[in-house]
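# A closer look at the structure
What follows is each chain in one-letter form.
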Amino acid sequence: MAAISAAEAAHRAASDNERVAWVDEHDQPLGGVSRAELRERRLIGRGTYILLFNSAGLLCVHRRTLSKALYPGYWDVAAGGMVLEGEDYRLSAERELAEELGIAEAQLVEHAHFLYDAPESRLWCMAYSAVSDAPLVLQPEEVLEARFISVEQALEETHRLPYCPDSLAALERYLAAGS
């Protein structure tokens with residue numbers, strides 16, 4: 001594995017200690033636990049996924065840093081992340097979009113609420129979309145690079161590049177709804 005910067009390592013340690021929402025199989029709150037404990041005990045958390053489009057209809061895809069606990073170096077079709085303890089889905093989505101891609105003030109449209117249950121992650125998810133032509137400001141501890149491509153190109157790339165399966169589940173639901 002490639003070396004990660006000291007800033008990324010510190011960010012990862014702080015991230016592992018963040019208290020995130022812990023919920024049951026019906027998305028009812030049970031309290032908060034550290035992100036690391038949620039993963040280790042295979043508890044169910046909450047996550048947000050924001051599909052960011054520009055006004056030309058192209059989707060922002062970005063590559064995750066190598067310090068990420070899940071899917072390091074993978075391409076991602078959505079900004080987003082874990083809902084913090086005491087935070088609701090919308091506030092989390094607004095925060096994550098601003099932190100990761102520097103997009104604030106974008107109107108979020110809600111598309112899907114679903115359970116993602118995989119060996120590496122168990123999450124109740126809320127998928128949103130937003131449209132913005134504002135310049136991207138990437139969070140260096142979480143995002144290596146970003147670009148806008150067609151949804152079709154993103155789907156084609158999943159056959160040859162590693163893409164995050166959880167955000168692809170959000171994109172699938174967005175497309176299935178005819179959004």
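Here the structure is shown first, and the text comes after it.
Note that the structure is a prediction, hence the values are computed from the model and not measured. (Residues numbered from 1 in each chain as written. Predicted model: local features only at pLDDT ≥ 70, side-chain atom pairs only at ≥ 80, totals over all residues. Heavy atoms only, no water.)

## Comments concerning the overall build of the protein
- Within the protein, the secondary structure is distributed over five helices and nine strands.
- Along the chain direction, N to C, the helices and strands of the protein fall in the order α-β-β-α-β-β-β-β-α-β-β-β-α-α.
- For the protein, the C-alpha radius of gyration of 15 Å lies close to 16 Å, the compact-globule estimate for 179 residues.
- When its C-alpha atoms are laid out on the principal axes, the protein stretches across 40 × 40 × 35 Å.
- Here the protein holds 179 residues, and the buried ones make up 48% of them. (Helix = DSSP H or I, 4+ residues; strand = E, 2+ residues; numbered from the N terminus. Rg over C-alpha atoms; globule rule 2.2 N^0.38 Å. Buried < 20%, exposed > 50% of the residue type's maximum accessible area, 1.4 Å probe, protein only.)

## Focus: the pattern of salt bridges
- This model, assessed by the stated rule, comprises 14 salt bridges.
- With a shortest N-O distance of 2.9 Å, E85 and R19 are connected by a salt bridge. You can see E85 sitting in the loop between β6 (79-82) and α3 (89-101) and its partner R19 sitting in strand β1 (residues 19-23), a full 66 residues away along the chain.
- Given a relative accessible area of 38%, E85 falls into the partly exposed group.
- We classify R19 as partly exposed; its relative accessible area is 44%.
- Here the residues in one salt-bridge network are E87, R95, E96 and E99, joined through shared partners. (Salt bridge = Lys/Arg side-chain N within 4 Å of Asp/Glu carboxyl O.)

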